[in-house]
Amino acid sequence: MTTRAGLGTLLLLLPLVLAIPSPSPSVLPTFPRYTLTDLGTFPGGDQSYAWAISETGAVVGGTTGSDGMRAFLWTRQDGMVPLPCPAGRPYCIARDVNANLQVAGSAWETPMDTPGHAVRWSGGAPKDLGTLGSGLQSEAWGINRAGTVVGYSWTGSGIGPHAFVYDDARGMVDLSGDPGAAYDINDAGEIAGHEVAGDGDHAFLWGDGTALEFSGVSGLTNTYALAVNEEGRVAGYARSSSLGSERVVRSGFTGALENLGGLGDRNRGWGINRLGDVVGEARFTDGTVRAVLYTDATGMQDLHLYLDPAIGWFLFAATDINDAGQIVGYGSDPATGRTHAFLLSPPSYTGVPADLMITAPDADTVRLSWAPPMGADSYRVYATTDRFAPFPWDVVGTTTDTWFDLRGHLSDGADHFYVVRAISHGLEGPMSGVAVKAAVDMTYDPGRTNIAWLSLPYRSGISRASDLAALIGKDRIDVIGKWDATRQESTVYYHTGGPWRGVDFPIESGDGLYMGLRTSFSLVLLGTDGPQSLTFSKNAGPMGSAAWTGLPFTGAYRHASDLAAELGPGRVVEVGKWDPATQSSLHWSWTGSEWAGTDFGVAPGDGVYFVVASDFVWTPRVVAPTAP
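Residues numbered from 1 in each chain as written. Predicted model: local features only at pLDDT ≥ 70, side-chain atom pairs only at ≥ 80, totals over all residues. Heavy atoms only, no water.

Along the backbone of the chain there are 2 helices and 50 strands. Computed over the C-alpha atoms, the radius of gyration of the chain is 26 Å, within 12% of the 25 Å expected from 2.2 N^0.38 for a compact globule of 628 residues. Dimensions along the principal axes, computed over C-alpha positions, put the chain at roughly 85 × 60 × 50 Å. Long-range contacts, defined as pairs at least 24 residues apart, comprise 56% of the intrachain contacts of the chain with a sequence gap of at least 6. Of the roughly 24900 Å² of accessible surface on the chain, a fraction of 53% belongs to carbon and sulfur atoms. In the chain, 40 positive and 66 negative side-chain charges are present, and the distance between their average locations comes to 3 Å. (Helix = DSSP H or I, 4+ residues; strand = E, 2+ residues; numbered from the N terminus. Rg over C-alpha atoms; globule rule 2.2 N^0.38 Å. Contact = heavy atoms within 4.5 Å. Areas by Shrake-Rupley, 256 points an atom, 1.4 Å probe, with all protein chains shown as cover. Lys, Arg positive; Asp, Glu negative; His and termini not counted. Charge placed at Lys NZ, Arg CZ, Asp CG, Glu CD.)

Rendered as structure tokens:
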């Protein structure tokens, strides 16, 4: 992830140095026509509002109807899906979504109780994040790929809310101890928001123990950062001390705020992408509200200029824009006269190559295949041997087909990770998922036992114990086991020289598997991973609560401490790994005050277990390279 230089310096108070006017009408380009998708409402609903879009085109927001506000997640595959409100808080709204489809928002008890409590949804399940101190209300506005959430919360003392950051390791933490709010966080952990000071409100960018403060622009003394992109540039608005005028602002590469102007009397920038394009709204004194888009090429423009007038929609606000140029917001649907959430896609936009698969057509070749997205002219295939490598990865080929062969990759003994991007009119679209070819070495020693725990890619095409047995062969293994955490014992599929016996059990994503080795060999595994919710339960009574699990091969974890920090001692009190060389386990354990033991590395194919402390649902994070 690229971040802007200079954030790690001392606290800075930055004056205005730039003000960018819109181009004169004589040089305005012809505006491209965007495609508008009406995201609709739930059955029986009357209005909907979109608040954020992910890099893969997932949209979140809220819909209203007779039963009040409800949060939603929209994808092109599934349409609008409800996100359940937490128990006891039947009203909820979603404000942001990450690449793993984790969602941040809030939920409240009664129509008058807004904003209620901050909420994070993982795998569709809501979690009430609580409040700071003895505060009664909080609201979440931003979430990054790691699942870290930001927002604001009342504290139970003092005036006004405080900006907070929430992660599983620390819970909800006050960002600065002063009144303010946080609205967005990027994957590098940089947080956009504002603090209340004696001379007015000041936009801030917090990151890694530092804080970058932005002063007002000419004539507009109060500043607010509502969004931050992956380069660490913020967008928001600046307001006059009389509260009568607001203009959209963006931080430049010099660090100072730029006045991007506006069309109405009060203008706000709600979203910014990697290119620095900003979307927002312009409010006029007559009550009119219009969605706006700022680009360096066109300046600040009414977003209606990008629509075919025959569509007839009136766009009230644009709330977010992703790196592919897709824009979300809400406007008036001419068919109903009601406010509906919308998605705008630029004409050069191409979707994500979906359903990425990896197979072996022969003994030396890896084949990638995918479903074609709308608008694709061709595809570019990227590869790396290090799943944590920053993008761009190596370009291994370009094709107009929906498949690509990589000769030599199957038999070279190395791990490979692959992504595909569609190209339309010379521009690349968003990333596909990540496919993996992994070579897992199994070592047999006649002088000891030879148990080897194993995980599989979540989508590997191996669905039963017999599939894995056929892939490896009877001469190499004699047992395949699956751990049953509920019974705290194994289910086995085995042979003693004759046919396979026992239970030909199903293999599901995240299962903990082991094998009994008869010889040394290298196992080549192919597959893809994606967001997958795994359920863990603490067993009652004296029964243990060990849960062997399979981590995704494209997982975002390097060490046991990464897993421990994400899950926390409230959910697991030990993270372990089987060491086949010593035929024993390595332990990273919670002592009651700290984690201790062996902070072992996590590699594709490793067998890992947790000692569960409470019931929980967890969606392991996967690597997802980000590119402009």
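This is not the end of the story, as more comes after the structure.
Between side chains of opposite charge, pairing is possible as soon as their charged atoms come close. Throughout the structure, instances matching the rule amount to 31 salt bridges. Close ionic contact of Lys127 with Asp168 constitutes a salt bridge, the shortest N to O distance being 3.6 Å. Taken as a pair, Lys127 in strand β11 (residues 125–130) and Asp168 in the loop between β14 (162–167) and β15 (171–185) lie far apart in primary sequence, 41 residues in all. Its relative accessible area of 34% is what places Lys127 among the partly exposed residues. By relative accessible area, which is 21% here, Asp168 ends up partly exposed. Linked through salt bridges whose partners overlap, the residues forming this network are Arg89, Glu109, Asp113 and Asp128. (Salt bridge = Lys/Arg side-chain N within 4 Å of Asp/Glu carboxyl O. Buried < 20%, exposed > 50% of the residue type's maximum accessible area, 1.4 Å probe, protein only.)

The next thing to look at is the environment of Val149. Mapped onto the fold, Val149 is located in strand β13 (residues 149–153). Between the C-alpha atom of Val149 and that of Arg501, which follows or precedes it by 352 residues, the distance is 49 Å. In contact with Val149, not counting residues within four places along its chain, are Ala104, Arg120, Leu129, Ala140, Gly142, Ile143, Phe164, Val165 and Tyr166.

Now for the sheet that holds strand β45 (residues 546–549). If you walk across this open sheet you meet the 5 strands as β45-β49-β46-β47-β48, and the pairing is antiparallel. With partners counted over all chains shown, the strands left at the sheet margins are β45 and β48 (595–597), one partner each. Put simply, the sheet's adjacent strands are angled 25° from each other on average, direction ignored. By the bridge criterion, 3 bridges tie strand β47 (residues 584–590) to β48 in an arrangement that is antiparallel. Counted as the bridge partner of Trp588 is Gly597 from β48. Taken strand by strand, helix α2 (residues 560–567) contacts β46 (572–579), β47, β48 and β49 (608–612), and its axis lies near 155° from that of β46. (Pairing = 2+ DSSP bridges. Axes fitted to C-alpha atoms, helices over the stretch in contact; angles between N-to-C directions.)

The next point concerns the state of the cysteines. Under the definition given, this model contains 1 disulfide. Between the sulfur atoms of Cys85 and its disulfide mate Cys92 the distance is 2.2 Å. In this structure, the disulfide formed by Cys85 and Cys92 twists by about -75° around the S-S bond and is classed as left-handed. (Disulfide = S-S within 2.5 Å.)

So, on to helix α1 (residues 465–472). Looking at α1, one finds that the buried residues are Ala465, Leu468, Ala469 and Ile472. In an axial view of α1, the angular spread of the buried residues amounts to 100°, which keeps them on one side of the axis. Buried-residue contacts for α1 involve β38 (451–454), β39 (477–484), β40 (489–494), β42 (513–517) and β43 (521–528). Gly473 sits one or two residues past α1 and shows a positive phi near 105°. (Arc of directions from axis to C-beta.)

You can see Gly200 is positioned in strand β17 (residues 200–207). In this structure the C-alpha to C-alpha distance between Gly200 and Asn222, which are 22 residues apart in sequence, comes to 5.6 Å. Among residues more than four places away in sequence, those in contact with Gly200 are Glu195 and Asn222.

Another point: the side chain of Thr619. Locating Thr619 in the fold gives a position in the segment after β50 (616–618). On the basis of relative accessible area, Thr619 is assigned to the buried category, the value being 9%. A polar contact of 3.2 Å, which involves the side chain of Thr619, links it to the side chain of Ser533. With sequence-adjacent residues up to four places away left out, Thr619 is seen in contact with Ser122, Gly123, Pro531, Gln532, Ser533 and Glu566. (Polar contact = N/O pair within 3.5 Å; in protein donor to acceptor, adjacent residues only side chain to side chain.)

Turning our eyes to something else, we now look at the confidence of the model for the chain. Per-residue pLDDT for the chain averages 89, and the proportion of residues at 70 or more is 94%. Of the regions scoring below 50 in pLDDT, residues 1–28 engages in 70 contacts with residues more than four places distant in sequence or in other chains. (pLDDT = per-residue confidence, 0-100.)

With that settled, the discussion passes to the pairing of strand β35 (residues 416–424). Summarising burial for β35: 9 of the 9 residues are buried, a large majority. Of the pairings in the sheet, the one linking strand β32 (residues 378–384) to β35 comprises 7 bridges and is antiparallel in character. Along β35, the bridge assignment pairs Thr384 with Phe417. Bridge count between β35 and strand β36 (residues 427–431): 3 bridges; the pairing is antiparallel.

A few words now on the sheet that holds strand β9 (residues 103–108). Read across the open sheet, the 4 strands follow the order β8-β9-β10-β11; overall the sheet is antiparallel. Of all strands in the sheet, those with a lone pairing partner are β8 (91–97) and β11, marking the two edges. The mean inter-strand angle of the sheet, taken between neighbouring strand axes irrespective of direction, is 30°. The sheet contact formed by β9 and strand β10 (residues 117–122) spans 5 bridges and is antiparallel. Note that in β10 the partner of Gly105 across the bridge is Val119.

The residue Asp405 is located in strand β34 (residues 403–407) in this model. A polar contact of 2.7 Å, which involves the side chain of Asp405, links it to the side chain of Arg367. Aside from chain neighbours lying at most four places away, what touches Asp405 is Pro361, Thr365, Val366 and Arg367.

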